[in-house]
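# Descriptive analysis of the structure
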Amino acid sequence: MQTSFNIHHLYFLLNGMAWTLALSLIAFIGGGIAGFAVALCRVSPVAAVRWSATAYVQLVQGIPLLILMFMTYFGLSIAGWTLSALVAAGIAMTIYVSAYLGEIWRGCIEAVARTQWEAAECLALSRTQRMRLVILPQALRIATPPTVGFMVQIVKNTSLASIVGFVELARAGQVVNNSIFQPFLVYIIVATFYFALCYPLSAWSTRLERRLQVGQPAPLFA
Amino acid sequence: MSYQFDFSRVLQEFPLFLQGAWLTIQLSLVATAMGFAIGSLCAIGRRSGVKPVSLACGLYVELIRNTPLLVQIFLVYFGLSSIGWKVPAMYAAVIALVINVGAYTSEIMRAGMDSIHRGQLEAAECLALNRAQVYWHVILRPAMERVYPALTSQFILLMLGSSITSQISVEELTAVANRVQSDTYRSFETYIVVAAAYMILALLMRLGFWLLGQLVFTRKRRLGTTM
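All residue numbers here refer to positions counted from 1 along the written sequence of the relevant chain. Here chains are named by letter from A upward and ligands by number from 1 upward, in the order in which they appear as written. Reporting in this predicted model follows two pLDDT cut-offs: at least 70 for local features of residues, and 80 or more for side-chain atom pairs to be given and counted; totals over whole chains, interfaces and linings ignore these cut-offs and use all residues. Note: side-chain values were computed over all heavy atoms of the structure, leaving out hydrogens and water.

### Some points on the overall build of chain A
By the criteria applied, helices consist of DSSP H or I runs no shorter than four residues and strands consist of E runs no shorter than two, each listed in order from the N terminus. A tally of regular secondary structure across chain A gives eight helices and zero strands. Relative to its 222 residues, chain A shows a buried fraction of 46%. Excluding contacts between residues fewer than 6 apart, the proportion of contacts in chain A whose partners are at least 24 apart in sequence is 75%. Summing over all exposed atoms, chain A offers an accessible surface of approximately 11000 Å²; the carbon and sulfur share of this is 66%. By the counting scheme adopted, Arg and Lys are positive, Glu and Asp are negative, and His together with the chain ends is not counted. Charge positions are represented by NZ for Lys, CZ for Arg, CG for Asp and CD for Glu. Side-chain charges in chain A split into 13 positive and 6 negative, and the spacing between the mean points of these groups amounts to 4 Å. Each residue is placed in one exposure class: buried if its accessible area under a 1.4 Å probe, protein chains only, is under 20% of its type's maximum, exposed if it is over 50%, and partly exposed if it falls in between. Here, two residues are considered to be in contact whenever any of their heavy atoms come within 4.5 Å of each other. Surface accessibility follows the Shrake-Rupley procedure with a 1.4 Å probe radius. Residue values consider only the protein chains on display as shielding.

### Observations concerning the overall build of chain B
Each helix and strand counted, chain B has nine helices and zero strands in total. Along the first, second and third principal axes, the C-alpha set of chain B runs to 75 × 45 × 30 Å. Expressed as a percentage of the 227 residues in chain B, the buried residues total 49%. Long-range contacts, defined as pairs at least 24 residues apart, comprise 77% of the intrachain contacts of chain B with a sequence gap of at least 6. On chain B, roughly 11400 Å² of surface is accessible, and the fraction owed to carbon and sulfur atoms is 66%. Of the side-chain charges in chain B, 18 are positive and 12 negative, and the distance between the mean point of each set is 10 Å.

### Examining the interface of chain A and chain B
The interface is formed by 37 residues belonging to chain A together with 45 residues belonging to chain B. A combined buried area of about 3600 Å² lies between chain A and chain B, and 77% of that area is made up of carbon and sulfur atoms. Any carboxyl oxygen of Asp or Glu that lies within 4 Å of a side-chain nitrogen of Lys or Arg is treated as forming a salt bridge with it. Between chain A and chain B we count zero salt bridges in total. Where the side of chain A that touches chain B is concerned, the elements lending two or more residues are helix 2 (47–61), helix 3 (65–78), helix 6 (127–157), helix 7 (169–180) and helix 8 (183–212) of chain A. Per-element accounting of the side of chain A that touches chain B gives the leading share, 11 residues, to helix 8 of chain A. Note on terms: buried area is the combined drop in 1.4 Å-probe accessible area of two parts once they are placed together, counting the loss on both.

### Some remarks on the nonpolar core
Among the nonpolar cores identified, the biggest contains 125 residues, and L13(A), I67(A), M69(A), I109(A), F17(B), M109(B) and M113(B) are the most heavily contacted of them. Excluding anything up to four places from it in sequence, L13(A) contacts F5(A), L169(A), A172(A), G173(A), V176(A), I189(A), V190(A) and F193(A). Nonpolar core, defined: a set of buried Ala, Val, Leu, Ile, Met, Phe, Trp, Tyr and Cys residues in which side-chain atoms within 4.5 Å join the residues together.

### Side note on the pattern of salt bridges
All told, the structure shown has 10 salt bridges over all chains when counted by the stated rule. Salt-bridge contacts for E110(A) lead to R106(A); the nearest nitrogen and oxygen are separated by 3.0 Å. On the criterion of helical spacing, the pair formed by E110(A) and R106(A) is a turn pair, its members being four residues apart in helix 4 (residues 85–111). For E110(A), a relative accessible area of 46% puts it in the partly exposed group. Ionic pairing is found between R46(B) and E107(B), a salt bridge with its closest N-O pair at 2.7 Å. Taken together, the residues span a long stretch of sequence, with R46(B) in helix 2 (residues 14–47) and E107(B) in helix 5 (residues 89–114) at a distance of 61 residues. Residue classification places E107(B) among the buried positions, given a relative accessible area of 17%.

### Describing the packing of helix 8 (residues 173–184) of chain B against helix 9 (residues 187–216) of chain B
All names here are of chain B. Axes, fitted as lines to C-alpha atoms, cover a helix only where it is in contact. Angles between the N-to-C directions of the axes lie from 0 to 180 degrees. It is at 9 Å that the axes of helix 8 and helix 9 come closest, and there the two elements cross at 160°. When the axes of helix 8 and helix 9 are compared, the pair comes out roughly antiparallel. Crossing angle aside, the handedness with which helix 8 passes helix 9 is right-handed. Residues L173, T174, A177, N178, V180, Q181 and T184 of helix 8 form the contact with helix 9, whose own contacting residues are S187, T190, Y191, V194, A197, Y198 and L201. Gly is put with the polar residues, along with every residue not named as nonpolar or charged; the nonpolar set is Ala, Val, Leu, Ile, Met, Phe, Trp, Tyr, Cys and Pro, and the charged set is Asp, Glu, Lys and Arg. When the residues that make up the contact of helix 8 with helix 9 are grouped by side-chain class, the tally is eight nonpolar, six polar and no charged. For classification purposes, an angle smaller than 35 degrees is called roughly parallel, one larger than 145 roughly antiparallel, one from 65 to 115 roughly perpendicular, and anything else oblique. If you view the pair so one helix is near and one far, a crossing is left-handed when the near helix is turned anticlockwise from the far one by less than a right angle, and right-handed when it is turned clockwise.

### Let's talk about helix 3 (residues 51–65) of chain B
Over its 15 residues, helix 3 of chain B extends 21 Å from the first C-alpha to the last, a length consistent with the 21 Å expected when each residue adds 1.5 Å. All of the buried residues in helix 3 of chain B are S54(B), C57(B), G58(B), V61(B), E62(B) and I64(B). Buried-residue contacts for helix 3 of chain B involve helix 8 of chain A together with helix 2, helix 4 (69–82) and helix 5 of chain B. One less than the residue count of a helix, multiplied by 1.5 Å, gives the span that helix is expected to have.

### What about the packing of aromatic side chains?
Two rings from Phe, Tyr or Trp (for Trp, the six-membered ring) form a pair when their centres are within 6.5 Å of each other. A pair whose planes differ by under 30 degrees is stacked, one over 60 is edge-to-face, and the rest are tilted. Using the criterion set out here, one finds 18 aromatic pairs over all chains in the structure. Between Y73(A) and F74(A) the ring centres are 5.5 Å apart and the planes differ by 75°, which places this aromatic pair in the edge-to-face class. The exposure class assigned to Y73(A) is partly exposed, which follows from its relative accessible area of 30%. Taken together, the ring pairs in this structure connect F70(A), Y73(A), F74(A) and Y191(B) into an aromatic cluster.

Okay, structure coming up:
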């Protein structure tokens, strides 16, 4: 027997959306902390640290997130831990996010004017002080728009957790579709929910970016 | 941890992996070429100044960029077949990938076009070039040159993203991996091999785009970004 789309299905999808948000948050916080470490290592004065951070970033950015998910899901289970899909997906997302955010933030740290480093050095600040008091506060300003922009990627990419069996929005959509078989309707609704999550972030990122661009040449044909 | 790694069984399936990788390459190349064409057209449309056209292009870009590729693939594959338009998985995958990468390319190309200095356009006008000529010689090609690194990264991301098409039974590299791991029960080893394969593919793609860049952009002056 087939039923049509009703309020229970909608509730199920909304529930999935909450899990999408939860996983996104885990990925952002975990990936943010790890990514910060990666960014600092990428600009480290010690060559070995710099190189290993580069290798890490290249490694992660060369592997599809889907494969990363499978690797954590199966890899950690052979290490003897039986993990829930949420933990496996969370770890995979954290690794993925740390590599990309680390690279974004490295760019932002390096975008701080060279003279700022030199001035800080002239004031006899130690390297830690230079970073903490001079460079990072300025890098933070540059980093905000791309970071918010990357949050959109995080939210969208949590959809891959559905493939290792975590019931978030995309998986909830599949479940609902399997019971009522109206793929067009169901996936349009799922897409709309994702859009509702992502579009405000995109718009915010664009606005932040514009605010930073004050004083730069205006685009043509505008 | 007492796990014994055993790659021998997985590596026996090497020809299968090769087949999968070949399909991944084909998918990526087709989607890259078509997506680039659509993206460039869309970027031109967005800057055209004709309200309905620029609105439509903007809507397309925002809709695609704010929804996951997985859902887009499902919509194309299951959605189209449910309204009576049956497409084979392979075509559905290509369509979804092209639509997806088109939107991202459009944003990148638009940024490139926006970065062309006004003086260049005025100079082109003074030389009595018509609109099409201005677009081709003065806007499109220098813009492409300027955003070439960003385009390269985007196309590599697309290649990695094509792994998602395994979910609608396209037999590319990831689908092969799924099959091999369920045949051999060596899941971790399988995915390690496939991860390495993707990294090699990404490296090859980077190399390919670098060579293409050397070939196409013969003027060796430095623009906004380094190659």
